[in-house]
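Architecture and fold: a report
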Amino acid sequence: MRALFEEMGAEVNWDEETNTATVTQNDQTITFQMDNTAATVNGEVKEMDVPARMINDRIMIPLRFLSENLGYQVDWDDENYLVSITY
């Protein structure tokens, strides 16, 4: 999560005490807690299809959920197995 979204201009913070990641970009703030399907988007709780997970010290989150809630458009090219994220 960090590498992709920092490259896109977002700020990513990790709170080890609460196992919570926070992503901030363009007046949008999204908070994920590991192993929880509830995320907070600008103070509003929203459900994700799958929970955020910590795998090999990396945070894995639903890419579409985070991208769309930051205002990006996500498209899937089924023929080429390619995800496009545009702002």
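Residues numbered from 1 in each chain as written. Predicted model: local features only at pLDDT ≥ 70, side-chain atom pairs only at ≥ 80, totals over all residues. Heavy atoms only, no water.

**Quick notes on the packing of aromatic side chains**
Tallied over the entire structure, the rule returns three aromatic pairs. Aromatic pair Trp 76 and Tyr 81: ring centres 6.1 Å apart, planes at 70 degrees, arrangement edge-to-face. (Phe/Tyr/Trp six-rings, centres within 6.5 Å; stacked < 30°, edge-to-face > 60°.)

**Points about the sheet that holds strand β4 (residues 38-41)**
Ordered by their spatial adjacency, five strands build an open sheet running β1-β2-β3-β4-β5, and the pairing between neighbours is antiparallel. The outermost strands of the open sheet, each flanked by one partner alone, are β1 (11-15) and β5 (44-47). Averaged over all pairs of adjacent strands, the angle between their axes in this sheet comes to 25 degrees, without regard to strand direction. Where strand β3 (residues 28-33) meets β4, three bridges bridge the pair, whose relative direction is antiparallel. Paired with Ile 30 across the bridge in β4 is Val 41. (Pairing = 2+ DSSP bridges. Helix = DSSP H or I, 4+ residues; strand = E, 2+ residues; numbered from the N terminus. Axes fitted to C-alpha atoms, helices over the stretch in contact; angles between N-to-C directions.)

**What to know about the pattern of salt bridges**
According to the stated counting rule, one finds three salt bridges in the structure shown. For Arg 2, the salt bridge is made with Glu 6, and the minimal N-O distance between the two is 3.0 Å. Here the residue Arg 2 and the residue Glu 6 both occupy positions in helix α1 (residues 2-7), the gap between them amounting to four residues, near one helical turn. The class for Arg 2 is partly exposed, based on a relative accessible area of 38%. For the salt bridge of Arg 53 with Asp 35, the shortest nitrogen-to-oxygen distance reads 2.7 Å. (Salt bridge = Lys/Arg side-chain N within 4 Å of Asp/Glu carboxyl O. Buried < 20%, exposed > 50% of the residue type's maximum accessible area, 1.4 Å probe, protein only.)

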